[in-house]
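What the coordinates show
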Amino acid sequence: MNLEESGLRVEYYDSVPVVHLAGDIDVVQAGRLRDRLLTLVQNKDAGLVLDLSEVRYIDSSGVNVMFELAERLAEGQIKFGVVIPEGGLVERVLDIVDIRSVASAHRNVGDAVGAVSTVA
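What you see is a predicted model; the values in this text were computed from it and never measured.

Things to note about the pairing of strand β4 (residues 79-83)
Of all 5 residues in β4, 4 are buried, a share of seventy percent or more. The pairing of strand β3 (residues 47-58) with β4 spans 5 bridges and is classified as parallel. Directly across from G47, in β4, lies its bridge partner K79. The β-α-β motif built from β3, the intervening helix α3 (residues 60-75) and the parallel element β4 has right-handed crossover chirality. With 3 bridges connecting them, β4 and strand β5 (residues 104-106) associate as parallel partners. Opposite V82, over in β5, you have A105 as the bridge partner. The handedness of the β4 to β5 crossover, carried by helix α4 (residues 88-96), is right-handed.

What about α3?
Think of an α-helix as 3.6 residues a turn; residues three or four steps apart then line up on the same face. If you check α3, its first and last C-alpha atoms are 23 Å apart, about what 16 residues at 1.5 Å a residue would give, namely 22 Å. Listed in full, the buried residues belonging to α3 are S61, G62, V63, V65, M66, L69, A70 and L73. Contacts made by the buried residues of α3 are with β2 (16-25), α2 (27-40), β3, β4 and α4. Once α3 finishes, Q77 follows within two positions and takes phi at roughly 55 degrees, a positive value.

How each quantity is defined
- Note that residues are indexed from 1 along each chain, following the sequence as it is written.
- Residues qualify for local features only when their pLDDT is at least 70, as the model is predicted, and side-chain atom pairs are given and counted only at 80 or more; totals for whole chains, interfaces and linings, by contrast, use all residues.
- To obtain the side-chain values, all non-hydrogen atoms of the structure were used and water was disregarded.
- For every residue, the accessible area obtained with a 1.4 Å probe (protein chains only) is divided by the maximum for its type, and the residue is called buried under 20%, exposed over 50%, and partly exposed between those limits.
- Note on conventions: DSSP H or I runs of at least 4 residues are helices, E runs of at least 2 residues are strands, and numbering of each starts at the N terminus.
- Strand pairing requires that DSSP identify at least two bridges connecting the strands.
- The handedness of a crossover follows from its direction of travel: if, with the strands pointing away from the viewer, the path from the first strand over the helix to the second runs clockwise, the crossover is right-handed.
- To estimate how far a helix should reach, multiply one less than its number of residues by 1.5 Å.
- Contact criterion: two residues are considered in contact whenever any of their non-hydrogen atoms come within 4.5 Å of each other.

See the structure below:
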């Protein structure tokens, strides 16, 4: 199942939207995903969390979306957090590209929301 088939689910924790993704993040979904994520965030939001717990696969286009999103969020002084499943391909890919250089990485949504909600 890919993102187009499963969609994405958004929950709000006060001023932090949490986007739950499932399936594969690849070249087919990347453009639509980028557009959707950029329209979700508002200036009043403290941060954004991407929950990748149910993502099985991510390719370079998916990684590029995350780095572009991080750059846009930083311009608006909005924090970015990512929930990364332990073990498997997604964690290996995100470690290789050093996603932690642009986002705080966590194992669960609660920790991620807490990290992006705190005032620096």
